[in-house]
Amino acid sequence: MLLIDIRTGSYHFVQAKAVLLATGGGPTMYLYHTPSGDKSCDGMAMAMRLGLAMRDMEMVQFHPTGLLAGTDTRMTGTVLEEGLRGAGGYLLNGAAERFMTAYDPAGERATRDIVSRAIYAEMRAGNTTTNGGVHIQMSHLGPDSVAKRFKGMVERCADCGFDLAGGLVEVVPTAHYMMGGVEFEIDGSTALPGLYAAGEDCGGVHGANRLGGNGVANSTVYGGIAGDAMAAAVSKAGACRDPDETVIAEAVDRAERPFTKPAGDLSNLRDRLSQMMWDDVGILRTEAGLHRGLGALDDLEQELLATGLADGDRAFNLTWHDWMNLESLIAVSKVITHASLAREDSRGAHFREDFPETGALDTTAYTQVRQKGGGLAIDMVPVAFSIVKPGDSLIDDDAGAPIAAAE
Ligand SMILES: Cc1cc2nc3c(=O)[nH]c(=O)nc-3n(C[C@H](O)[C@H](O)[C@H](O)COP(=O)(O)OP(=O)(O)OC[C@H]3O[C@@H](n4cnc5c(N)ncnc54)[C@H](O)[C@@H]3O)c2cc1C
């Protein structure tokens, strides 16, 4: 592993018999996003550079209710929890109308993907509130009760000047979680000997959608399994292999690149990336939009490679780290866009307006993208239903019946 010590900017090579990739994904390439800005899909970008296969990368989950607090605060995009809608909160468009039941009989209690699409459709139709989102209303449930039940959410909104318990708060769908990631085995190992992966860097655990509360479970369960497997493997492994000095030199050269170019405007590149991903590779996708997105990503990549840093100091040079983060985000955005083009149906978090049908489940396939030569190779790999076949259930009684039968 080659590490950069952020305090000095110096490089440190660390030899290890086993390495766990656990940088946690984080779809921060979208205009509105819940993870903190330092999350930039670094682990996925590293895995790509190693030639590992990524699966399900089109499956980006948008949480329906991100706070819309204006353009000048990072609180915009931060999540307002699911429980608000679960408890009976209303979503109101710019005309103060409840709109969710027009999209789904479950109304505001529909799943994240359905509610996000409905809000986005209202936004696209111009039925928005002042800052371009919709309102969440809780006051009809009793302000005192809301303040008691959702203390953290009420305080978060109050910090930004909004009254969640008694008033209206503007919200917008916000990129929250990546169901896609590195392909891995049940013990956490990957196709690269000695490299393990766990958590949001991994693909395939949640399929096309994720239920609230299961993200941390994924990290802890598979993190624990990978840790056990790594300990067992390390105890059997021989001495570390000699490092390949050429590979290390190449990695240092890559990191040093921005110091060799004239200073440029990284914020502008990042803003263009997030706006484009929101518009063209976001909640509702079309072939034309995705092609537009790929063109824009090529341009952004070229511009980034020609953009340098004003400050040549290595210690605590956060702009340098922003540069590398942007490189990761652009690389992973390309994978998301290619996978979204390849999947010509709509399921879970992925919705193609030009292919709105879900398609047959028993013949379904997942997307697999890997770096090959100078580009990306994309395959559709048939899903092997090895434990539960479509329409079957592991639960015997009515609780396990297909949804239509059990209502
Ligand atoms: C706002 C928010 C609320 C959420 N709420 C819930 C919830 O209620 N329940 C639930 O189950 N899930 C929730 N999730 C999802 C869940 O938090 C994540 O899926 C989970 O934390 C991922 O775990 P992880 O270990 O893979 O990565 P993380 O917990 O993200 O940890 C990755 C770590 O790697 C570090 N890192 C990243 N890149 C590098 C690098 N290049 N070098 C060194 N370090 C690096 C990061 O700083 C971070 O500390 C939420 C997510 C968000 C953003």
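Only a predicted model underlies this, so the values are computations on that prediction, with no experimental measurement involved.

Participant: Can you help me understand the overall build of the chain in this one?
Facilitator: Tallying secondary structure elements over the chain gives eleven helices and twelve strands in all. Taken over C-alpha atoms, the radius of gyration comes to 22 Å for the chain, in line with the 22 Å a tight globule of 407 residues would show. Seen along its three principal axes, the alpha-carbon backbone of the chain occupies a region of about 65 × 55 × 45 Å. Expressed as a percentage of the 407 residues in the chain, the buried residues total 39%. Pairs at least 24 residues apart make up 69% of the contacts formed inside the chain by residues separated by at least 6 positions.

Participant: Just checking my understanding: could you explain the site of the ligand for this structure?
Facilitator: Close to the ligand lie 19 residues; Gly24, Asp42, Gly199, Gly215 and Val216 are nearest. Broken down by element, the residue count for the shell around the ligand peaks at five residues, all from helix 6 (residues 214–236). A class-by-class count of the residues in the shell around the ligand yields six nonpolar, eight polar and five charged.

Participant: When you look at the sheet that holds strand 5 (residues 60–67) in this model, what are you seeing that I'm missing?
Facilitator: Pairing between sheet strands relies on hydrogen bonds along the backbone, with the strands arranged either parallel or antiparallel. Overall, antiparallel pairing links the four strands, which are arranged 5-8-7-6 in an open sheet. The outermost strands of the open sheet, each flanked by one partner alone, are strand 5 and strand 6 (90–92). When the angles between neighbouring strand axes are averaged without regard to direction, this sheet yields 40°. Pairing analysis gives six bridges linking strand 5 to strand 8 (residues 168–178), with the strands arranged antiparallel. The residue bridging Leu67 from the neighbouring strand is Val171, located in strand 8. Where helix 3 (residues 112–124) meets the sheet, its contacts fall on strand 5, strand 6, strand 7 (134–137) and strand 8, and the angle it forms with strand 5 comes to roughly 60°.

Participant: I keep staring at the packing of helix 9 (residues 287–305) against helix 10 (residues 318–342) and nothing clicks. Help me out?
Facilitator: A pair of packed helices is captured by two measures, namely the crossing angle of their axes and the spacing between those axes. Put simply, helix 9 and helix 10 touch, their axes get as near as 10 Å, and they point 160° apart. For the element pair helix 9 / helix 10, the angle class is roughly antiparallel. In the packing of helix 9 onto helix 10, the handedness of the crossing is left-handed. Of the residues in helix 10, those touching helix 9 at Glu287, Leu290, Gly293, Leu294, Leu297, Leu300, Glu301 and Leu304 are Leu326, Glu327, Ile330, Ser333, Lys334, Thr337, Ser340 and Leu341. A breakdown of the residues in the contact of helix 9 with helix 10 according to their chemical character gives eight nonpolar, four polar and four charged.

Participant: Explain the sheet that holds strand 11 (residues 365–372) here, please?
Facilitator: Spatial ordering of the open sheet is given by 9-4-11-12, a layout of four strands whose pairing is antiparallel. Two strands bound the open sheet, and with one partner strand each, they are strand 9 (181–182) and strand 12 (375–382). The strands touched by helix 10 within the sheet are strand 4 (54–55), strand 11 and strand 12, with strand 12 carrying the most contacts at an inclination of about 45°.

Participant: I would appreciate a short explanation of unusual backbone geometry in the present structure.
Facilitator: Both trends apply: most residues other than glycine have a negative phi, and most peptide bonds are in trans. Positive phi outside glycine occurs at Cys41, with the angle close to 60°. Along the polypeptide, Cys41 turns up in the loop between strand 3 (19–21) and helix 1 (42–49). Notably, Ala96 is not glycine yet its phi reads approximately 60°, a positive angle. Take Ala96: it is sitting in the loop between strand 6 and helix 3. Judged by the 11 C-beta atoms lying within 10 Å of it, Ala96 is exposed.

Participant: How do you make sense of the nonpolar core when you look at a structure like this?
Facilitator: Buried together is how nonpolar side chains tend to be arranged in soluble globular proteins. Residues Leu164, Val182 and Val332 are the most contacted members of the largest nonpolar core, which totals 86 residues. The element best represented in this core is helix 10, accounting for eleven residues. Not counting chain neighbours up to four residues away, the residues in contact with Leu164 comprise Met138, Val146, Met153, Val154, Cys157 and Val169.

Participant: Explanation requested: helix 8 (residues 266–280) in the structure shown.
Facilitator: The α-helix advances 3.6 residues per turn, and as a result positions three or four apart in sequence lie on the same side. Along its 15 residues, helix 8 runs 21 Å from first to last C-alpha, staying within 8% of the 21 Å computed at 1.5 Å per residue. The complete set of buried residues in helix 8 reads Leu266, Leu269, Arg270, Leu273, Met276, Met277, Trp278 and Asp280. In this structure, the buried side of helix 8 is in contact with helix 9 and helix 10.

Participant: What is the right way to read helix 6 from this model?
Facilitator: Spanning 23 residues, helix 6 covers 33 Å between terminal C-alpha atoms, matching the ideal 33 Å at 1.5 Å per step. Taken together, the buried positions of helix 6 are Gly215, Tyr222, Ala226 and Met230. For helix 6, the secondary structure elements touched by its buried residues are strand 3, strand 8 and strand 10 (195–197).

Participant: Can you help me understand the environment of Pro243 in this one?
Facilitator: Within the secondary structure layout, Pro243 lies in the loop between helix 6 and helix 7 (245–256). Under the C-beta neighbour-count criterion, Pro243 is labelled exposed, with 12 such atoms within 10 Å. Linking Pro243 and Val335, residues 92 residues apart in sequence, is a C-alpha distance of 29 Å. In this structure, Pro243 is in contact with Phe13, Gln15 and Ile248, ignoring residues within four places of it in sequence.

Participant: Before we go on, may I ask you to explain the pairing of strand 1 (residues 2–5) in this structure?
Facilitator: Side-chain direction in a regular strand flips from residue to residue, so the side chains alternate between the two faces of the sheet. Inspection of the sheet shows strand 1 paired to strand 2 (residues 10–13) by four bridges, in the antiparallel sense. When the bridges of strand 2 are listed, Leu3 appears paired with His12. From the end of strand 1 to the start of strand 2, which pair antiparallel, there are four residues, and Gly9 there has a positive phi angle of about 80°.

Participant: Whenever I open this one, the pairing of strand 11 confuses me. Can you help?
Facilitator: The pairing of strand 4 with strand 11 spans two bridges and is classified as antiparallel. Across the sheet, the residue bridging to Met54 is Val369, located in strand 11. Here strand 11 runs beside strand 12; their pairing, made up of eight bridges, is antiparallel. Note that in strand 12 the partner of Lys372 across the bridge is Gly375. Hairpin geometry of strand 11 and strand 12 is characterised by an intervening segment of two residues between the two adjacent antiparallel strands and by a positive phi of about 60° at Gly373.

So, how was this worked out
- Residues numbered from 1 in each chain as written.
- Predicted model: local features only at pLDDT ≥ 70, side-chain atom pairs only at ≥ 80, totals over all residues.
- Helix = DSSP H or I, 4+ residues; strand = E, 2+ residues; numbered from the N terminus.
- Rg over C-alpha atoms; globule rule 2.2 N^0.38 Å.
- Buried ≥ 20, exposed ≤ 12 C-beta atoms within 10 Å, placed from the backbone.
- Contact = placed C-beta atoms within 7 Å.
- Near = placed C-beta within 6 Å.
- Nonpolar A, V, L, I, M, F, W, Y, C, P; charged D, E, K, R; others polar.
- Pairing = 2+ DSSP bridges.
- Axes fitted to C-alpha atoms, helices over the stretch in contact; angles between N-to-C directions.
- Parallel < 35°, antiparallel > 145°, perpendicular 65-115°, else oblique.
- Left-handed = near helix turned anticlockwise from the far one by under 90°.
- Core = buried A, V, L, I, M, F, W, Y, C linked by C-beta atoms within 7 Å.
- Expected span 1.5 Å × (residues − 1).

So yeah, pure geometry; function would need other evidence.
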